[in-house]
Amino acid sequence: MSRGVIVVLSDRPDRSKPLVDAINAVAECRVVGIDETWDRLGPLGGVVADITLSRPEAKSCLRRLASRPGRTRSPLIYLTRSESQAAFIEARNLGATVCLSAHVEPRLVVGSLVREVWPDKSVADLVVTREIKRAGATMTALLKTAETGTLDMKVVDGGIDPVLDAIHDGGLSRWLDEVWAYDDVTFQHCLLVSGTVAAFALSLGLSQTDRQRLTRAALVHDVGKSRIPHAILNKPGRLDDDERAVMQTHAPIGHEILSASGGCDPVTLAVTRHHHEMLDGSGYPDGLSAAEIGDPVRLLTICDIYAALIERRPYKKPMATRDALAILSAMDGKLEGGLVQAFGRAVESAP
């Protein structure tokens, strides 16, 4: 998808900050001044010029951009502070492909940028892709660190907003489509669960604090799998009894990692240890039942099972939504029926 960095050309970086923040939501963005020579930036996806053309230095900068040797010409959006026809003509003559008023909202500039640079994508598509990369970077760092050490919970917190923002702006379906592209089993599963939890919590009308807390728990709930042998984690097909016993240690191992790390909230600790407990006492590792299992654990367990059912592996396709929901509904007595019904409504109505 990447077609090079997006550059904001500005003679007033303080004035351009809201625009830069808006662009950063969909693509990598760099800010340069009117002294830019354009020979050190590499491929450009597009340029947004937030400059005053009455300055000779600004015009010279745009001419240098237009004459870059050996480079494919990139879309150039010029933001003008003059409404005169002469200003638009001058901008066009200097290479502008789109001219907009500098007073329009940043989101409208981003919309024009996306149409120019990624005509086959929507803003929501790009937001989800961008946020999954951010969340994915967090997951990669966490799983690697957890193999032999403890976790920095501040790093975990850095992965929360990307998940929540992507679900809010792009919806669950886009999130799932992007996450399915990853091959690593644990990596894919944690991101599937995180997005599903965020979408479910949003549909339930939970507070921002509760959504953040549940998403944090979802991101690290399987951190104990970082210490399970890859031959077991990635085995196609069913595990034998000995392999299953090893796999089931991931929950207490994850709890130990988080406890040793410090700074971990009680919800995340409980979810990490108990997300395989069942209301009828048939789960693991502690055989909890009924009132011993808190609401956050009950909610995340439903999302965890659903994510496992719809995972995409080299040897299997994701289970259809309807079939996965039917399995959850059949687990009456093990899962909370009211939550399962609410989850089904949330998934079926999710964009």
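Residues numbered from 1 in each chain as written. Predicted model: local features only at pLDDT ≥ 70, side-chain atom pairs only at ≥ 80, totals over all residues. Heavy atoms only, no water.

1. A word on the overall build of the protein chain
Right, on to step 1. Per the secondary structure count, the protein chain includes 17 helices and five strands.
Right, on to step 2. Here the C-alpha coordinates of the protein chain stretch approximately 75 × 40 × 40 Å along the principal axes.
Right, on to step 3. A buried classification covers 51% of the 351 residues belonging to the protein chain.
Right, on to step 4. Measuring between centres, the 41 positive side-chain charges of the protein chain sit 7 Å from its 45 negative side-chain charges. (Helix = DSSP H or I, 4+ residues; strand = E, 2+ residues; numbered from the N terminus. Buried < 20%, exposed > 50% of the residue type's maximum accessible area, 1.4 Å probe, protein only. Lys, Arg positive; Asp, Glu negative; His and termini not counted. Charge placed at Lys NZ, Arg CZ, Asp CG, Glu CD.)

2. Looking at the UniProt feature "domain: HD-GYP" (unreviewed entry) in the protein chain
Right, on to step 1. Following the UniProt record, the feature "domain: HD-GYP" (unreviewed entry) maps to residues 164–351 here.
Right, on to step 2. Secondary structure across residues 164–351 divides into 63% helix and 0% strand, with the first and last C-alpha atoms of the span separated by 14 Å. (UniProt positions renumbered as here; feature names shortened; annotations may be inferred.)

3. Here's the deal with the sheet that holds strand β1 (residues 5–10)
Pairing between the strands of a sheet is mediated by backbone hydrogen bonds and can be parallel or antiparallel.
Right, on to step 1. Within the open sheet, the five strands sit side by side as β2-β1-β3-β4-β5. Their pairing is parallel. Strands at the two margins of the open sheet, each flanked by one partner only, are β2 (29–32) and β5 (98–101). Within this sheet the neighbouring strands show an average axis-to-axis angle of 20°, counted without direction.
Right, on to step 2. Alignment of strand β3 (residues 44–50) against strand β4 (residues 76–80), held across three bridges, turns out to be parallel. Across the sheet, the residue bridging to Val47 is Leu76, located in β4.
Right, on to step 3. Contacts between helix α2 (residues 56–66) and the sheet are confined to β1, β3 and β4, with β3 contributing the most and set at about 165° to the helix. (Pairing = 2+ DSSP bridges. Axes fitted to C-alpha atoms, helices over the stretch in contact; angles between N-to-C directions. Contact = heavy atoms within 4.5 Å.)

4. A short note on the domain arrangement of the protein chain
Right, on to step 1. Assigned domains of the protein chain: these are domain 1 (5–117) and domain 2 (123–349).
Right, on to step 2. Each side of the interface is counted separately: domain 1 has eight residues, and domain 2 has four residues.
Right, on to step 3. A combined buried area of about 500 Å² lies between domain 1 and domain 2, and 64% of that area is made up of carbon and sulfur atoms.
Right, on to step 4. In this assembly, domain 1 and domain 2 are joined by zero salt bridges.
Right, on to step 5. For the side of domain 1 that touches domain 2, the residue count by class is five nonpolar, two polar and one charged. (Domains from an automatic or database assignment. Buried area = accessible area lost by both parts, 1.4 Å probe. Salt bridge = Lys/Arg side-chain N within 4 Å of Asp/Glu carboxyl O. Nonpolar A, V, L, I, M, F, W, Y, C, P; charged D, E, K, R; others polar.)

5. A look at the packing of helix α15 (residues 295–310) against helix α16 (residues 321–330)
Right, on to step 1. Running from N to C, α15 and α16 cross one another at 140°; their axes reach a closest spacing of 10 Å. The angle between the axes of α15 and α16 places the two elements in the oblique class. Of the two elements, α15 crosses α16, and the hand of that crossing is right-handed. Only Thr321, Ala324, Leu325, Ile327 and Leu328 of α16 make contact with α15, whose side of the interface consists of Ile302, Ile305, Tyr306, Leu309 and Ile310.
Right, on to step 2. Looking at the contact of α15 with α16, its residues break down into nine nonpolar, one polar and no charged. (Parallel < 35°, antiparallel > 145°, perpendicular 65-115°, else oblique. Left-handed = near helix turned anticlockwise from the far one by under 90°.)

6. Re unusual backbone geometry
Right, on to step 1. Tyr284 connects to Pro285 through a cis peptide bond whose omega is 10°.
Right, on to step 2. Considering the arrangement of structural elements, one finds Pro285 in the loop between α14 (266–274) and α15.
Right, on to step 3. Backbone geometry at Trp38 places phi at a positive 70°, although glycine is not the residue there.
Right, on to step 4. If you trace the backbone, Trp38 turns up in the loop between β2 and β3.
Right, on to step 5. On the basis of relative accessibility, which here comes to 2%, the residue Trp38 falls in the buried class.

7. A word on helix α8 (residues 172–179)
Right, on to step 1. If you check which residues of α8 are buried, you get Leu172, Trp175, Leu176 and Val179. Along the axis of α8, the buried residues cluster in a sector spanning 95°; they form a single face.
Right, on to step 2. The inward-facing, buried residues of α8 contact α5 (123–146), α7 (160–170), α9 (185–203) and α15. (Arc of directions from axis to C-beta.)

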